[in-house]
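# Summary of the model geometry
Here is how the chains run, residue by residue.
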Amino acid sequence: MLGVILFFYTVFWCVVGSRKIIHIDADCFYAAVEMRDDPSLRDRPIAIGGPANTRSVLSTANYAAREFGVRSAMPTSVAMRLCPQLLVLPGNMAKYRLASEQMHAIFHAFTHIIEPLSLDEAYLDVTHTTDFQGSATRIAEKIKAQIFREVGITVSAGVATNKFIAKVASDWNKPDGLTVVTPEQQFEFVSGIPVKSISGIGRVAQKKLAELGVFYCADLQDLDFSLLQKHFGSMAFRLSQFALGRDDRPVVVSRERKSISVEHTFAKDLMDIKACQRVLPMLLADLKKRMAGRGYEAQLSKFYLKLKFDDFKQTTIERPIKGKLADDIFYELLQQAHARSLRPVRLIGVGYRITPPQPLQLTLPLPS
């Protein structure tokens, strides 16, 4: 079976293996900017987030804090129990955006085929870049050095022939790492990747795979596809492809916005529907501010509302927009969503789904 896999794998890479993709990911980005601006913080466990006496969660933590088990998306109160000496800073988005803009300016010096994933993370397609005789490895080295010199922070980079491998590789030797996976090394590299590193594989999927004896991509390669399909349905094909290191997704330069929304996590649970209704005007006012001047009105297709209950379960409800935008619709959606659980509410989100305008096709008269 392995011989068949290797044969088709070789054929596949003869066709698409010439791409050169770099994935750049800053190391503990927000915390790194804070340590850059205040060197006294470098050896201290620090994190960016809200106070421990609120329901805030951390957006990032430096590596000194991570040694105590502190992680991003962790409630601040939990992080403080793990690391009592943790210094939690409120953060400064204007400063982080400026650092991000500086990073992206450096990316653009080498290629314009850039797919940003967040302020501090992006894919770069350097397939046709002529710098350094077209060496993606040397380009990645130069980008890392230039970011350190001009922005004052470190980034990690992964170099490969596709997005999946490049992203995994960038996380392989953090912080300040550079991992290059050549086409010849790729099958061996992929075989050693834990399945939890595959995008979309959360705890539930990991548990399912573990029950099938699958922990690494090598295990997934040997699993009968019909069994994989039985347990994962339409997701099975993507899993089987990633397990072989196959990913033909291009680096997408523009990412269309699919929604516009606001949400708020409350310091105390909203105990009933009336309490939820009282805070809705505040959220709708924030939504209107976010909408102002963006010109999305003609592209809005649905109202939607999200509730997260005190047990952390959440529900989302949507309704097509058939006429004018009306706040009353959100009150109706709130009533319907709340009725699904009838529990105290910790978070409410409101917004609109966006459908991009379809390209106009001209009809030309045919010559008679």
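Fair warning: this is a prediction, and the values are worked out from it, not measured in the lab.

## Some points on the overall build of the chain
Each helix and strand in the chain was counted, giving 14 helices and twelve strands. With the C-alpha coordinates of the chain rotated into their principal frame, the extents come out at 80 × 65 × 50 Å. Burial statistics for the chain: of 368 residues in total, 42% are counted as buried. The contacts in the chain between residues at least 6 apart in sequence include a share of 63% that link residues at least 24 apart. Summed over all atoms, the accessible surface of the chain reaches about 20200 Å², with 55% contributed by carbon and sulfur. One finds the centroid of the 47 positive side-chain charges in the chain at a distance of 6 Å from the centroid of its 37 negative side-chain charges.

## Focus: the packing of aromatic side chains
Both the distance between ring centres and the angle between the ring planes are used here to describe each pair of aromatic rings. Counted under the stated rule, the structure contains eight aromatic pairs. Centre to centre, the rings of Phe164 and Phe242 are 4.5 Å apart; their planes meet at 5 degrees, and the pair counts as stacked. Within this pair, whereas Phe164 is found in helix α7 (residues 163–170), its partner Phe242 is found in helix α12 (residues 235–243), the two being separated by 78 residues in sequence. Overall, Phe164 belongs to the buried group, its relative accessible area being 4%. Through a chain of ring-to-ring contacts, three or more aromatic side chains come together here, namely Phe29, Tyr30 and Tyr96. Over the ring of Tyr63 we find Arg66; its NZ or CZ atom is 4.4 Å from the centre of that ring. A cation over an aromatic ring shows up here: Lys208 above the ring of Phe232, its NZ or CZ 5.6 Å from the ring centre.

## What about the sheet that holds strand β8 (residues 178–180)?
Spatially, the five strands line up as an open sheet ordered β5-β6-β1-β7-β8, and their pairing is mixed. Since the sheet does not close on itself, it has two edges, and those belong to β5 (114–118) and β8, each with one partner. Across this sheet, the average inter-strand angle for adjacent strands is 15 degrees, counted without regard to direction. Here strand β1 (residues 21–26) pairs with strand β7 (residues 155–160) via six bridges, running antiparallel. Bridging across to β7, His23 finds its partner in Gly158.

## Let's talk about the pattern of salt bridges
This model, assessed by the stated rule, comprises 17 salt bridges. Measuring nitrogen to oxygen at the nearest pair gives 2.8 Å for the salt bridge that ties Arg36 to Asp37. Of the residues examined, Arg36 reaches a relative accessible area of 23% and is grouped as partly exposed. With relative accessibility at 40%, the residue Asp37 sits in the partly exposed group. In this structure, Arg149 and Glu150 form a salt bridge, with 3.9 Å as the shortest nitrogen-oxygen distance. The class of Arg149 is exposed, set by a relative accessible area of 54%. The partly exposed category is assigned to Glu150, whose relative accessible area is 44%. A network of salt bridges, in which partner residues are shared, links Glu34, Arg36, Asp37 and Lys95.

## So, the confidence of the model for the chain
In the predicted model, the chain carries a mean pLDDT of 88, and 90% of its residues have values of at least 70. The secondary-structure element of the chain with the lowest mean pLDDT is helix α1 (residues 2–16), recorded at 46, while β7 shows the highest, at 98. A low-confidence stretch, residues 1–7 (pLDDT under 50), is modelled with seven contacts involving residues beyond four sequence positions or located in other chains.

## Overview of the layout of surface pockets
The volume enclosed by the largest pocket comes to roughly 1200 Å³. Forming the walls of the largest pocket are 30 residues, and the residues nearest its centre are Asp25, Ser72, Lys167, Asp171 and Lys174. For the lining of the largest pocket, the secondary-structure elements that each account for two or more residues are β1, α3 (63–66), β5, β6 (121–125), α7 and α12. Element by element, the count of residues in the lining of the largest pocket is highest for α7, at four residues. Looking at side-chain class alone, the lining of the largest pocket contains eleven nonpolar, six polar and 13 charged residues.

## Overview of the packing of helix α11 (residues 225–232) against α12
Where α11 meets α12, the closest approach of the two axes is 8 Å, and the angle between their N-to-C directions is 130 degrees. Accordingly, the angle class assigned to the pair α11 and α12 is oblique. When you trace α11 past α12, the crossing you get is right-handed. Contacts from Phe225, Leu228, Gln229 and Phe232 of α11 reach α12 at Met235, Ala236, Phe237, Leu239 and Ser240. Taken together, the residues of the contact of α11 with α12 break down into seven nonpolar, two polar and no charged.

## Regarding the sheet that holds strand β11 (residues 314–320)
Spatial strand order, β9-β12-β10-β11: four strands in an open sheet with antiparallel pairing. This sheet does not close on itself; its edge strands, each paired only once, are β9 (259–270) and β11. Each strand of the sheet is rotated relative to its neighbour by a mean of 15 degrees, with strand direction disregarded. For strand β10 (residues 300–309) and strand β12 (residues 345–354), the ladder comprises nine bridges, and the chain directions are antiparallel. Its bridge partner lying in β12, Leu305 is registered against Val350. Across the sheet, helix α14 (residues 327–339) is in contact with β10, β11 and β12; its angle to β10 comes to roughly 40 degrees.

Reading the values: the criteria
- Residues numbered from 1 in each chain as written.
- Predicted model: local features only at pLDDT ≥ 70, side-chain atom pairs only at ≥ 80, totals over all residues.
- Heavy atoms only, no water.
- Helix = DSSP H or I, 4+ residues; strand = E, 2+ residues; numbered from the N terminus.
- Buried < 20%, exposed > 50% of the residue type's maximum accessible area, 1.4 Å probe, protein only.
- Contact = heavy atoms within 4.5 Å.
- Areas by Shrake-Rupley, 256 points an atom, 1.4 Å probe, with all protein chains shown as cover.
- Lys, Arg positive; Asp, Glu negative; His and termini not counted.
- Charge placed at Lys NZ, Arg CZ, Asp CG, Glu CD.
- Phe/Tyr/Trp six-rings, centres within 6.5 Å; stacked < 30°, edge-to-face > 60°.
- Lys NZ or Arg CZ within 6 Å of the ring centre and 35° of its normal.
- Pairing = 2+ DSSP bridges.
- Axes fitted to C-alpha atoms, helices over the stretch in contact; angles between N-to-C directions.
- Salt bridge = Lys/Arg side-chain N within 4 Å of Asp/Glu carboxyl O.
- pLDDT = per-residue confidence, 0-100.
- 1 Å grid on protein atoms, 1.4 Å probe; cavity = no way out; pocket = protein on both sides within 12 Å on 5 of 7 lines; lining within 4 Å.
- Points joined across faces, edges and corners; volume = space filled by probe spheres on them.
- Nonpolar A, V, L, I, M, F, W, Y, C, P; charged D, E, K, R; others polar.
- Parallel < 35°, antiparallel > 145°, perpendicular 65-115°, else oblique.
- Left-handed = near helix turned anticlockwise from the far one by under 90°.

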